[in-house]
Amino acid sequence: MASIASLGVGSGLDLNGLLDQLQEAEQQKLVPIRQQQADQDAKISAYGQLQGALSKVQSSASNLNDPELFNSVTSDVEGDSVSAAATPDAPPGRYDVDVTQLATASSIATQGVDEEAVLNAGAEASLDVTLNGETAQNITVEADSTLSDVRDAINASDSGVSASIVFDGSQSRLAIASESTGAEAGINSVTFNGLDGLALDTATEIQGQDAKLDVNGIAITSDSNQVEEAIQGTTLSLSETGQSTVTVERDDGAIRDAITGFVDSYNSMKSTADDLTSFDAESGDAGELLGDGTTRMAETQLRSTLASSVEGDGLNTLSDIGISMNVDGELEVDDEKLDDVMANQPGELQALFTGTGDTVGIAGRAEEELDTMLGDNGMVENAVTGAEEQMARLDERYSSMQDSISSTVDRYRTQFQELDSMVAEMNQTSSYLTQQLSALG
């Protein structure tokens, strides 16, 4: 078959140009499909935005539906002697803490030796450590060990003591300390077996001691500087002697942040939905989900959930705590009213959001509603799946139309080649006849 470049050579006609025009005309059949693909792609993207906005509301509802949120507390310390970490079990209160003694570990050091000297040439050695009157822990020391090898053997033994090397200015000493603090965590004895020249210096022995403090005048002792339950639900970390004041209070800041976070996420979702379903009468511009039933239903169901009432004698609706819906469908917070509820009705506030017993609170209802919307076979997920399937059908239609156009253009090309040959033959016949008639004349 002749190439496109050869079209028109025989006939003298611009068949290449005509074929290009026909091909361009055929390509116009793809334009509406491309537009539908672009619209469908924009719709899928819009559903993604809606999913993201609803997921944020779901997350903020989940935070509000956690009872631990309403039990969270903070601790504040004035003074340098302690730091405090409170759990939800800690009751609010103010506590004066006076630390008079810190807990310390028991320790003892050996007499000085040459750090590089071999202490057990050619033979395995050991040492026995007894803590708190318990059975001695036997620690094996390999043959030909130096002081640093003995230290490493002790630290690897999990015997309840640790060791380090201290240089006293002329020789090195092995310092052994109990890993636990307190008067009952003392080192009772250390016996060296087969370690030549290694002996204890009893003058260096330090007995462990308990921490001593009082909390609001109540005397307390502790074998550790991490003191638990001296204040219910609170761990005190002692760092130095002295006086401090620990204040434990409910973490209203975290609760308020969770509530306003939920309001903000809902309003953000509402704004996103409004943009996606908008229509500008002057310009004719429309949102990608204008008239979409899924978006409208998601908004309606969530709005209904937030407007619902919780059974009980306390706070029943969001408006009872100062959260209302304005004419634009967005939530607004009356800060003064919310602050009053948080200060005077904390239990009822929790019940409103998390429910009590078999009753599901508003946050729980919103979380369940959104789980259904966004989960497998939920209406949002089904809408996305439907849009993606429609996109796949458009892709198949586009590919089929491209094949059809290619076949049509190939048919035109064949017809033009035949036309070109026919006209060329006719031109040759005409030229021949002209010559013959001229000869007869």
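The present account deals with the structure reproduced in this document.

We now examine the sheet that holds strand β13 (residues 226-231). Ordered in space as β2-β14-β13, the 3 strands form an open sheet in which the pairing is antiparallel. A strand with exactly one partner marks an edge of an open sheet, and here the two such strands are β2 (82-86) and β13. Direction aside, the axes of adjacent strands within the sheet are offset by 30° on average. The pairing of β2 with strand β14 (residues 234-238) spans 5 bridges and is antiparallel. For Val82, the partnering residue across the bridge sits in β14 and is Leu238.

Quick look at the pairing of strand β8 (residues 172-181) now. In terms of strand pairing, strand β4 (residues 105-110) meets β8 through 4 bridges, oriented antiparallel. If you follow Ser107 over to β8, its bridge partner there is Ala177. In the sheet, strand β7 (residues 161-167) pairs with β8 via 7 bridges, with the strands oriented antiparallel. Directly across from Ser162, in β8, lies its bridge partner Ala177. Linking β7 back to β8 in an antiparallel pair, the connection comprises 4 residues, with Gly169 at a positive phi of about 110°.

It is worth spelling out helix α7 (residues 335-344) at this point. Within the span of α7, buried status applies to Leu338, Val341 and Met342. One face of α7 carries all of its buried residues, which in axial projection span an arc of 100°. Projecting away from the buried face of α7 at angles above 90 degrees are the exposed residues Glu336, Ala343 and Asn344. Summarising the contacts, the buried residues of α7 are in contact with β15 (242-250), α5 (252-276), β17 (331-333) and α8 (346-354).

Now for the layout of surface pockets. In this structure, the largest pocket occupies an estimated 150 Å³ of space. The wall of the largest pocket is formed by 13 residues, among which Leu131, Asn132, Glu134, Ser159 and Gly160 lie closest to the centre. Mapped by element, the contributors of at least two residues to the lining of the largest pocket are β5 (125-131) and β8. Across the lining of the largest pocket, the residue classes tally to 3 nonpolar, 8 polar and 2 charged.

With respect to the secondary-structure elements, Ser81 resides in the loop between β1 (73-78) and β2. Within the local environment of Ser81, its side chain forms a polar contact with the side chain of Ser244, the two groups lying 2.6 Å apart.

All right, on to unusual backbone geometry then. Glycine aside, a negative phi is what most residues show, and trans is what most peptide bonds show. Not every positive phi belongs to a glycine, and Asp144 is a case in point at roughly 60°. With respect to the helices, strands and loops of the structure, Asp144 is situated in the loop between β6 (137-141) and α4 (147-155). Phi at Asn377 takes a positive value of approximately 65°, unusual for a residue other than glycine. Along the chain, Asn377 falls in the loop between α9 (362-374) and α10 (379-440).

Rules used in this analysis
Residues numbered from 1 in each chain as written. Predicted model: local features only at pLDDT ≥ 70, side-chain atom pairs only at ≥ 80, totals over all residues. Heavy atoms only, no water. Pairing = 2+ DSSP bridges. Helix = DSSP H or I, 4+ residues; strand = E, 2+ residues; numbered from the N terminus. Axes fitted to C-alpha atoms, helices over the stretch in contact; angles between N-to-C directions. Buried < 20%, exposed > 50% of the residue type's maximum accessible area, 1.4 Å probe, protein only. Arc of directions from axis to C-beta. Contact = heavy atoms within 4.5 Å. 1 Å grid on protein atoms, 1.4 Å probe; cavity = no way out; pocket = protein on both sides within 12 Å on 5 of 7 lines; lining within 4 Å. Points joined across faces, edges and corners; volume = space filled by probe spheres on them. Nonpolar A, V, L, I, M, F, W, Y, C, P; charged D, E, K, R; others polar. Polar contact = N/O pair within 3.5 Å; in protein donor to acceptor, adjacent residues only side chain to side chain.

Worth remembering: the numbers are spatial, not functional.
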